[in-house]
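One letter stands for each residue in the lines below.
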Amino acid sequence: MSTNLSGQGQDRPELQKAIEELAESGFVGIQLRVNDEQGEWVGSAGVRELGQSAKTLTNGHFRIGSSTKSFVATSVLILVAEGRIGLDSPADDYLPEFGLDRRITVRMLLQHTSGIFNHTGELYEDGTIVLGVPWQGKEWVDNRFQTYLPEELVRLSLSKPTRFAPGTGWSYANTNYVLARLVVEKVTGRSFAEALQRLILKPLGMTGTVAPGASPEIPEPHNHGYYRYEDAGQERRVDVTRQNPSWVGAGGDMISTTKELHTYFSALMSGKLLSAELLAEMRTPEATVGYGLGVFAQETEGGTIFHHNGATMGSAALMYSTPDGSKTLTAGLTWVDDCDLSIAPAFQTAQQRFVDAVFCDKLG
């Protein structure tokens, strides 16, 4: 299905073809939204639910995984603008209860340069894996409604050796954003969900985006995500659309829609949420993988684009924009997840295919 909602664009058969081919490569459903000089194009492929004929929703709610980090970073930076948080102040100033290394600044949390152990586990350069909170296989499935407190996740991380001295390296750690969210809650005296409403959602008129905390619920309407795992030698498959996301916390627990991700990211990139100075800080990438403060910078044949994609069990988000916010791509994907992350190659292909088609004018 594809529709053009702006009335001023045109049919985009190359985009419809791309999502249909990707749906056949292993996704249950794909919903894609493109806003550019041609107007707004919205399409979907696949099904809303396995075993049912209903087509994938084009603006259904879905779990956005690590795209959550961009919302957390923007919330922190708005509070920096309000004078409530110092970007280069020690995080310990705001969260003294953890005894954090005084060299770790708020900026380092947002840029993943703190060196803190990732509470969801670490893969070291020599191939060693150190486990954190369980998030795979039967163990996760059986405990998918368990609640973890943010403080528990932080203390788990702090009980492990650091990756490097603060500010001397880069390592992606969900715990950095658990801490950043706790800073927001400490300085505002509100839950993160309440702070997010005031800082971002209400000003932009966003009513379908949720910071669920420990709630397993997802607003209607939504597409369905799944997980397959082995149990006593048998492969089983379970619908994991409802799940308690507190195991990842502010590293990736939010829910949104393609329309609201577009509203948010185009507003952010066009300077509606942050001053030019703070937006420049956010978009200045470190040298390792091009990570700014809650956004990745990516060089393409069509120029620089910014993004923060995310994935969690059975669900993922794509969120891309040009620097001025005039061209965005947002997508929600659902699939049957597993312990081996078998969908990962198809997910990589999907990202590249969409970027090529929308930002580099490579059709086909």
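All residue numbers refer to positions counted from 1 along the written sequence of the respective chain. Local features in this predicted model are restricted to residues of pLDDT 70 or higher, and side-chain atom pairs are both shown and tallied only at a pLDDT of 80 or more, whereas totals for entire chains, interfaces and linings draw on every residue. By convention in this description, side-chain values take in all heavy atoms of the structure and omit both hydrogens and water.

**Q** I'd love a proper account of a nonpolar patch on the surface, names of residues and values included.
**A** Exposure above 30% relative accessible area and the absence of a salt bridge qualify a residue for a patch, where like charges join within 9 Å and nonpolar side chains (Val, Leu, Ile, Met, Phe, Trp, Tyr) within 5 Å. The protein chains shown are the only cover counted for residues, whose accessible areas, like all others here, come from Shrake-Rupley with a 1.4 Å probe. Each salt bridge in this description consists of a side-chain nitrogen of Lys or Arg and a carboxyl oxygen of Asp or Glu lying within 4 Å of one another. Judged by side-chain polarity, Leu 123, Ile 129 and Leu 131 come together as a nonpolar surface patch covering roughly 360 Å² of accessible area. Secondary structure counts use DSSP, requiring at least four H or I residues in a row for a helix and at least two E residues in a row for a strand, with both numbered from the N terminus. Tracing the sequence through the fold places Leu 123 in strand β5 (residues 122–123). For Leu 123, a relative accessible area of 58% gives the class exposed. The rule is simple: take the accessible area with a 1.4 Å probe, protein chains only, and divide by the maximum for that residue type; under 20% is buried, over 50% is exposed, in between is partly exposed.

**Q** Please provide a residue-by-residue account of the packing of helix α5 (residues 150–158) against helix α6 (residues 174–188), values included.
**A** The convention used is that axes are lines fitted to C-alpha atoms, helices contributing only their stretch in contact, and that angles between N-to-C directions extend from 0 to 180 degrees. For the pair α5 and α6, the least separation of the axes is 10 Å and the interaxial angle reads 135°. Put simply, α5 runs oblique to α6. For the pair α5 and α6, the crossing hand works out as left-handed. For the pair α5 and α6, contact is made by Pro 150, Glu 151, Leu 153, Val 154 and Ser 157 and by Thr 175, Val 178, Leu 179 and Leu 182, respectively. To sort the angles, those under 35 degrees are grouped as roughly parallel, those over 145 as roughly antiparallel, those from 65 to 115 as roughly perpendicular, and the leftovers as oblique. Here a crossing is called left-handed whenever its near helix is offset anticlockwise from the far helix by less than a right angle, and right-handed whenever the offset is clockwise. Contacts between residues were defined by any pair of non-hydrogen atoms, one from each residue, lying within 4.5 Å.

**Q** Explain unusual backbone geometry to me, using residue names and the numbers behind them.
**A** In this structure, Pro 221 follows Glu 220 across a cis peptide bond, with omega equal to -10°. Phi at Leu 341 takes a positive value of approximately 50°, unusual for a residue other than glycine. Structurally, the position occupied by Leu 341 is in the loop between β14 (328–338) and α10 (344–359).

**Q** For the side chain of Ser 157, give the residues involved together with the corresponding values.
**A** Relative to the helices and strands, Ser 157 resides in helix α5. If we ignore the near neighbours within four places in the chain, the residues touching Ser 157 are Ile 116, Phe 117, Asn 118, His 119 and Thr 175.

**Q** Give a detailed account of helix α7 (residues 192–201), specifying residues and quantitative values.
**A** Considered for burial, the residues of α7 that qualify are Phe 192, Ala 195, Leu 196, Leu 199, Ile 200 and Leu 201. Buried positions in α7, seen along its axis, are confined to an arc of 155° and lie on one side of it. On its buried face, α7 is in contact with α2 (68–81), α6 and α8 (258–269). It is the directions from the helix axis to the C-beta atoms whose arc is reported.

**Q** Break down the side chain of Gln 111 for me, citing the residues and quoting the values.
**A** Looking at the element boundaries, Gln 111 is found in helix α3 (residues 106–111). The buried category is assigned to Gln 111, whose relative accessible area is 10%. A distance of 2.9 Å separates the side chain of Gln 111 from the backbone oxygen of Tyr 291, its partner in a polar contact. Not counting chain neighbours up to four residues away, the residues in contact with Gln 111 comprise Trp 170, Thr 284, Pro 285, Glu 286, Tyr 291, Gly 292 and Leu 293. Here a polar contact means two N or O atoms within 3.5 Å. Within protein one must be a hydrogen donor candidate and the other an acceptor candidate, and residues neighboring in sequence count only if both atoms are side-chain atoms.

**Q** How would you sum up the pairing of strand β10 (residues 296–300)? Please name residues and give values.
**A** Note on pairing: DSSP must find at least two bridges between two strands before they are called paired. Bridging between β10 and strand β11 (residues 303–307) involves five bridges; their strand directions are antiparallel. The residue bridging Thr 300 from the neighbouring strand is Gly 303, located in β11. Hairpin connection from β10 to β11: two residues lie between these consecutive antiparallel strands.

**Q** Talk me through the packing of α2 against α8; I want residue IDs and the actual numbers.
**A** The geometry of α2 relative to α8 is characterised by a closest axis approach of 12 Å and an angle of 45° between their N-to-C directions. On the basis of their axis angle, the class for α2 and α8 is oblique. The hand of the α2/α8 crossing is left-handed. Residues Ser 70, Phe 71 and Thr 74 of α2 form the contact with α8, whose own contacting residues are Leu 261, Tyr 264, Phe 265 and Leu 268. Ten residues, namely Ala, Val, Leu, Ile, Met, Phe, Trp, Tyr, Cys and Pro, are considered nonpolar, four, namely Asp, Glu, Lys and Arg, are considered charged, and the remaining ones, Gly among them, are considered polar. Of the residues belonging to the contact of α2 with α8, the class tally is five nonpolar, two polar and no charged.

**Q** Provide a residue-level description of the packing of aromatic side chains, including the pertinent values.
**A** The description of an aromatic ring pair uses the distance of the two centres, along with the angle that the planes make with each other. Here a Phe, Tyr or Trp ring, Trp counted by its six-membered ring, pairs with any other such ring whose centre lies within 6.5 Å, and the pair is stacked when the planes are under 30 degrees apart, edge-to-face when over 60, and tilted otherwise. One pass over the structure, following the stated rule, counts 11 aromatic pairs. Between Tyr 320 and Phe 359, the aromatic rings sit 6.2 Å apart at their centres with planes inclined by 50°, giving tilted as the arrangement. Remark: Phe 359 occurs in helix α10 and Tyr 320 occurs in strand β13 (residues 315–321); sequence separation between them is 39 residues. The pair Tyr 320 / Phe 359 is uniform in exposure class, with both members buried. One aromatic cluster is present, formed by Trp 170, Tyr 172, Tyr 291 and Phe 296 through successive ring pairs. If you follow Arg 163 out to its NZ or CZ, it ends over the ring of Tyr 124, 4.3 Å from the centre. Look at NZ for Lys and CZ for Arg. If either is within 6 Å of the ring centre and within 35 degrees of the ring normal, a charge sits over the ring. Positioned above the aromatic ring of Tyr 226 is the side chain of Arg 237, whose terminal nitrogen or guanidinium carbon lies 5.9 Å from the ring centre.

**Q** Now, about the environment of Leu 293: what can you tell me, with residues and values included?
**A** Within the secondary structure, Leu 293 is located in the loop between α9 (276–283) and β10. Here Leu 293 falls in the buried class, since its relative accessible area comes to 0%. Distance from Leu 293 to His 262, taken between C-alpha atoms, is 19 Å for residues 31 residues apart in sequence. Those residues in contact with Leu 293 that lie beyond four places of it in its chain are Ala 73, Leu 77, Leu 87, Arg 107, Leu 110, Gln 111, Tyr 177, Glu 281 and Met 282.

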